[in-house]
Amino acid sequence: MAFFLETLLGGLMAGMLYSLVALGFVLIFKASGVFNFAQGAMVLFGALSMARFSEWIPQWTGVDSLLMANVLAFAMAAVVMFVVAWAVEYLVLRHLVNQEGATLLMATLGIAYFLEGLGQTLFGSSIYKIDIGMPKDPVFILEGLFEGGVLVNKEDLYAALIAAAMVTLLTVFFQKTSTGRALRAVADDHQAAQSIGIPLNRIWVIVWCVAGVVALVAGMIWGSKLGVQFSLASVALRALPVVILGGLTSVPGAIIGGLIIGVGEKLSEVYLGSYVGGGIEIWFAYVLALGFLLIRPQGLFGEKIIDRV
């Protein structure tokens, strides 16, 4: 039982990180109808910004506190992501409103490659580290209930808590603030929102900026765990099955889909891997998402895209 709980908790913690990346896709698609294939590049760009600023700030200011250096680096990286998000929306996507899906696909793919190249130009192409003070040692919990306790990786636990806090903040923002309500109105019906005076262009900029901050937090966590390297852009591919399973238009779907896939990957690898030669964790999410597409194409909580047109 203890081993099962270890696997389950590991899956839930991985699922929260998948959900965080998937949220970037959902936020932009809900508000503008654009499936942002550049989200992975935004995660990479945010991680590069955080890694380099946390290295440069002590050199520039003489600050020797890790906490203060990270806070300042995060603030500066957030400003960078705001600028990137605004530039993408204002200079590119604003001019492609109501264009064909293939046109938007090519545009976001072009943005992805541009951001990867710009990141290499501005920050270099080495492998960088992000040290935000997350402990990496494992810890035993529930020792009173199970003999020997349940082994949990502290770094995974802290990463999941950060992701959960970000998801909670976004939920409160969408539900309790006037800007969040305006975002939801735009997501439900563009024309109706515009008819009551909600400026679509401003809302789209806000959504892209929020998605930029989400990408920064995701990049910071993944960069802390894996190091910041250009393969980090592929982390978005791990979130695509989450989006398909939860639904392109559903924030709760991104969260629940991430948890389902995170747990499914871990349990299938541990309990079925020996029967099929291992490696289930690599392809499990994609097979699950593909199978689910045949049953419910709009995902668990998503709307039928045709209903939104």
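Residues numbered from 1 in each chain as written. Predicted model: local features only at pLDDT ≥ 70, side-chain atom pairs only at ≥ 80, totals over all residues. Heavy atoms only, no water.

**Observations concerning the overall build of the protein**
Right, on to step 1. Scanning the protein from N- to C-terminus turns up 12 helices and 2 strands.
Right, on to step 2. Taken over C-alpha atoms, the radius of gyration comes to 20 Å for the protein, in line with the 19 Å a tight globule of 309 residues would show.
Right, on to step 3. In terms of overall dimensions, the protein has a C-alpha envelope of 65 × 55 × 35 Å along the principal axes.
Right, on to step 4. The buried share of the protein, reckoned over its 309 residues, is 47%. (Helix = DSSP H or I, 4+ residues; strand = E, 2+ residues; numbered from the N terminus. Rg over C-alpha atoms; globule rule 2.2 N^0.38 Å. Buried < 20%, exposed > 50% of the residue type's maximum accessible area, 1.4 Å probe, protein only.)

**Topic: the pattern of salt bridges**
Close approach of charged atoms allows side chains of opposite charge to pair.
Right, on to step 1. For the structure shown, the criterion picks out 4 salt bridges.
Right, on to step 2. Here Lys 225 and Asp 156 are joined by a salt bridge, their closest N and O atoms 2.4 Å apart. Pair noted here: Lys 225 is in helix H8 (residues 200-226) and Asp 156 is in helix H5 (residues 154-176), with a separation of 69 residues, a long-range link.
Right, on to step 3. On the basis of relative accessible area, Asp 156 is assigned to the partly exposed category, the value being 23%.
Right, on to step 4. The residue Glu 265 makes a salt bridge to Arg 238 at a minimum N-O spacing of 3.0 Å. Taken together, the residues span a long stretch of sequence, with Glu 265 in helix H10 (residues 251-276) and Arg 238 in helix H9 (residues 235-246) at a distance of 27 residues.
Right, on to step 5. Look at Arg 238 and you get partly exposed, because its relative accessible area is 22%. (Salt bridge = Lys/Arg side-chain N within 4 Å of Asp/Glu carboxyl O.)

**Observations regarding the nonpolar core**
Right, on to step 1. Judged by nonpolar contacts, the single largest core of 95 residues is most densely connected at Leu 20, Val 214 and Trp 222.
Right, on to step 2. For this core, the element with the most residues is H8, which contributes 19 residues. (Core = buried A, V, L, I, M, F, W, Y, C linked by side-chain atoms within 4.5 Å.)

**Digging into the packing of aromatic side chains**
Any pair of aromatic rings gets described here by the distance separating the centres and the angle formed by the planes.
Right, on to step 1. Summed over the entire model, instances satisfying the criterion amount to 10 aromatic pairs.
Right, on to step 2. Between Phe 25 and Phe 35 the ring centres are 5.1 Å apart and the planes differ by 20°, which places this aromatic pair in the stacked class. You can see Phe 25 sitting in helix H1 (residues 2-32) and its partner Phe 35 sitting in the loop between H1 and helix H2 (39-61), a full 10 residues away along the chain. (Phe/Tyr/Trp six-rings, centres within 6.5 Å; stacked < 30°, edge-to-face > 60°.)

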